Protein chains: 2
Amino acid sequence: MKGKIYCIGTGPGKEDLISERALKAIKESSVVAGYGVYTDLISNLLEDKEVIVTPMKQEALRCEMAVKKAEEGSIVSMISSGDAGVYGMAGLLIEMAEKSDVEIEVIPGISAVLAAAAKLGAPLTHDFAVISLSDLLTPWEKIEKRLKAASEAEFIIAIYNPSSKKRADYLRKACEIMAEHIDENTLCGYVRNCERENEEKGILTFKELKDFQADMFTLIIIGNSTTKLIKNQLVTPRGYKGI
Amino acid sequence: MKGKIYCIGTGPGKEDLISERALKAIKESSVVAGYGVYTDLISNLLEDKEVIVTPMKQEALRCEMAVKKAEEGSIVSMISSGDAGVYGMAGLLIEMAEKSDVEIEVIPGISAVLAAAAKLGAPLTHDFAVISLSDLLTPWEKIEKRLKAASEAEFIIAIYNPSSKKRADYLRKACEIMAEHIDENTLCGYVRNCERENEEKGILTFKELKDFQADMFTLIIIGNSTTKLIKNQLVTPRGYKGI
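These numbers come from a predicted model, not from an experiment.

Draft legend 1. Spatial organisation of the overall build of chain A. When helices and strands are counted, chain A shows eight helices and 13 strands. Computed over its C-alpha atoms, the radius of gyration of chain A comes to 19 Å, within 12% of the 18 Å expected for a compact globule of 243 residues. Taken over the C-alpha atoms alone, chain A extends approximately 60 × 40 × 35 Å along its principal axes. Counting across all 243 residues of chain A, residues that qualify as buried make up 63%. Taking all contacts inside chain A whose residues are at least 6 apart in sequence as the whole, residues at least 24 apart take part in 68%. Summed over its atoms, the accessible surface of chain A is roughly 9,700 Å², and 48% of this surface lies on carbon and sulfur atoms. Averaging the locations of the 31 positively and 36 negatively charged side chains of chain A gives two centres separated by 2 Å.

Draft legend 2. Structural view of the interface of chain A and chain B. Counting residues at the interface gives 70 residues for chain A and 70 residues for chain B. Taking both partners together, chain A and chain B bury about 6,800 Å²; carbon and sulfur atoms supply 58% of that area. Where chain A packs against chain B, one counts 12 salt bridges. The salt bridge partner of glutamate 195 of chain A is arginine 21 of chain B, with a shortest N-O separation of 2.8 Å.

Draft legend 3. Focus on the nonpolar core. If you look at the biggest cluster of nonpolar residues, it comprises 56 residues, and the most contacted ones within it are Leu147, Leu209 and Ile222 of chain A together with Leu147, Leu209 and Ile222 of chain B. In this structure, Phe128 and Val191 of chain A together with Val113 and Ala115 of chain B belong to the second largest nonpolar core, which totals 44 residues.

Draft legend 4. Local environment of a negative patch on the surface. A surface patch of like charges, here negative, comprises Glu15 and Glu20 of chain A together with Glu15 and Glu20 of chain B. Inspection of the secondary structure assignment puts glutamate 20 of chain A in helix H1 (residues 20-28).

Draft legend 5. A look at the environment of valine 51 of chain B. Residues and elements named next belong to chain B. With respect to the helices, strands and loops of the structure, valine 51 is situated in strand S3 (residues 50-53). For valine 51, a relative accessible area of 37% gives the class partly exposed. The sequence separation of valine 51 and serine 77 amounts to 26 residues, and the corresponding C-alpha distance is 9.6 Å. Those residues in contact with valine 51 that lie beyond four places of it in its chain are Val32, Thr39 and Leu46.

Draft legend 6. Representation of helix H1 (residues 20-28) of chain B. Listing the buried residues of H1 of chain B in full gives Arg21, Ala22, Leu23, Ala25 and Ile26 of chain B. Looking at the buried residues of H1 of chain B, the elements they touch are strand S1 (4-9), strand S2 (31-34), strand S4 (75-80) and strand S5 (103-107) of chain B.

Draft legend 7. Local environment of the relation of the copies chain A and chain B. When chain A is fitted to chain B, the residual RMSD is 0.0 Å, and the transformation amounts to a turn of 180° plus an axial shift of 0.0 Å. In symmetry terms, the pair is related by a two-fold rotation axis. When C-alpha positions in chain A are compared against the rotation axis, the closest is assigned to alanine 129 of chain A, at 2.1 Å. Comparing interface residues between copies, 100% of those in chain A also lie at the interface in chain B; the contact surface is shared.

Draft legend 8. Examining the UniProt feature "domain: Tetrapyrrole methylase" (unreviewed entry) in chain A more closely. Following the UniProt record, one finds the feature "domain: Tetrapyrrole methylase" (unreviewed entry) at residues 4-209 of chain A. End C-alpha to end C-alpha, residues 4-209 of chain A measures 44 Å, and it is 34% helix and 24% strand.

Draft legend 9. Region of interest: the pattern of salt bridges. Across all of its chains, the model carries 34 salt bridges over all chains by this definition. A salt bridge links lysine 4 of chain A to glutamate 105 of chain A, with the nearest nitrogen and oxygen atoms 2.8 Å apart. Placement of the pair is lysine 4 of chain A in strand S1 (residues 4-9) and glutamate 105 of chain A in strand S5 (residues 103-107), with a sequence separation of 101 residues. Glutamate 195 of chain B is the salt-bridge partner of lysine 119 of chain B, the closest N and O atoms lying 3.3 Å from each other. Of this pair, lysine 119 of chain B sits in helix H5 (residues 112-120) while glutamate 195 of chain B sits in the loop between strand S9 (187-192) and strand S10 (200-205); the two residues are 76 residues apart in sequence, bridging distant segments of the chain. A single network of salt bridges, built from pairs that share partners, joins Lys14, Asp16, Lys119, Glu195 and Glu199 of chain A together with Arg21 of chain B.

Draft legend 10. Inspection of the sheet that holds strand S12 (residues 228-230) of chain B at higher detail. All names here are of chain B. Pairing is mixed across the open sheet formed by three strands, whose spatial order is S6-S13-S12. Unpaired on one side and paired on the other, strand S6 (121-122) and S12 mark the two borders of the sheet. As defined by bridge partners, S6 adjoins strand S13 (residues 233-235) across two bridges and the pair is classed as parallel. In the sheet register, alanine 122 faces S13, and the bridge partner there is valine 235.

Draft legend 11. Fine view of the packing of aromatic side chains. For the structure on display, the rule yields six aromatic pairs over all chains. Ring geometry for tyrosine 87 of chain A and tyrosine 160 of chain A: centres 4.9 Å apart, planes at 55°, overall tilted. Of this pair, tyrosine 87 of chain A sits in the loop between strand S4 (75-80) and helix H4 (90-96) while tyrosine 160 of chain A sits in strand S8 (residues 156-160), and the two are 73 residues apart along the sequence. The same class applies to tyrosine 87 of chain A and to tyrosine 160 of chain A, which are both buried. Here arginine 146 of chain A stacks its cationic end above the ring of phenylalanine 155 of chain B, 5.8 Å away from the centre of that ring. One residue, lysine 173 of chain B, lies across the ring of tryptophan 140 of chain B, its end atom 4.5 Å from the ring centre.

Rules used in this analysis
Residues numbered from 1 in each chain as written. Chains lettered and ligands numbered in written order. Predicted model: local features only at pLDDT ≥ 70, side-chain atom pairs only at ≥ 80, totals over all residues. Heavy atoms only, no water. Helix = DSSP H or I, 4+ residues; strand = E, 2+ residues; numbered from the N terminus. Rg over C-alpha atoms; globule rule 2.2 N^0.38 Å. Buried < 20%, exposed > 50% of the residue type's maximum accessible area, 1.4 Å probe, protein only. Contact = heavy atoms within 4.5 Å. Areas by Shrake-Rupley, 256 points an atom, 1.4 Å probe, with all protein chains shown as cover. Lys, Arg positive; Asp, Glu negative; His and termini not counted. Charge placed at Lys NZ, Arg CZ, Asp CG, Glu CD. Buried area = accessible area lost by both parts, 1.4 Å probe. Salt bridge = Lys/Arg side-chain N within 4 Å of Asp/Glu carboxyl O. Core = buried A, V, L, I, M, F, W, Y, C linked by side-chain atoms within 4.5 Å. Patch = residues over 30% accessible without salt bridge, like charges linked within 9 Å, V, L, I, M, F, W, Y side chains within 5 Å. Least-squares fit on C-alpha atoms with pLDDT ≥ 70 in both. UniProt positions renumbered as here; feature names shortened; annotations may be inferred. Pairing = 2+ DSSP bridges. Phe/Tyr/Trp six-rings, centres within 6.5 Å; stacked < 30°, edge-to-face > 60°. Lys NZ or Arg CZ within 6 Å of the ring centre and 35° of its normal.

Listed below in structure tokens is the structure:
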């Protein structure tokens, strides 16, 4: 029997934001692979499963193990939080299975940017850009170029991985780059631990964002010149109202 | 009794990609408001509901009616396909309820860009930009500026509303703008009617994209210089593999 790998985005954290398709795939699987933080979020679905957990930076090994299991005939679910195709495992998994004939089906999920935007109100609405400040896998020069381009072209900007212990000043650096094109009164929002325990959110100006202490579980959304606050919800209007 | 409005993204179309939270909110509602195409996609959930449908360009009226129903005490679900905050109704609804004390809760959904990306493989992975070519609500000069900026900064680019009857040549125009920065052999993908009846998808080069006949139900993803095809799946690698 030939196995299969489902590459699944389980959404931001809470089980009621996982799609039925993803739940069904997990139930069908005998093996579930993922980073420990993410498999823990769905631990009640894993009772009768073989669970493959590898730490961060061991993603390639995790994919190899998943491919091997599927080649041996297992149905495997490879779990990412959010959407598996947004800074998730889908790309690497397909690459690692290049020489295998195992089928890979990617099941989309609600990404952190969408969950955080909903928590804040409706800050995206318009064209938006998603940028990670982690330079672990992307050279900083490229990140800098994207921050410049996105701010200059008035995209709403969602920032993943704004900070970590090793990169404590990256959000400040990013704000300094974007300050050329973004007014200091522009409204921004953050959500920390979105749809998880100890969720926090807040609204701040672009000027305040520079000194904001984010961590790697924080998602930041930077509005554009039209973004406004309505009853504590962040909204970027899109021109419908006049119609 | 005070009512409430849930502003819901129902995902690309199939019911198994709607979150449980969204399903629960719809079940709890006595009134469901939406554009007819979207309420039709979930018609089997609407049997015992009052359904408010207004045509396109009557979005403000639809919101007003929803707010009024909630003020009268109803629980109302305002439906967008995909995610309600991505070119959806969330922003307008919050604006239209500015003077009301009705509570609005936005429930995120799987947006078309995430669903289409999953269908194609893993083309996003990296930083990406989402741009609509519809100039109904955004001036074309702004769209042009964003196309230039996103292509120059090597974002993966997802294009919503690439074409319509009135805007038959917009995708061609957009490609001509981006051609300054995107190599003609860059791999792109499209999905038409994603997760709906008559779904189609395909891979093409950036050169071919210029002459591609898209419609308003097509989502296009333009890769970057590293995007490649692995067993018919479009993948943008993210540097994990070497670790």
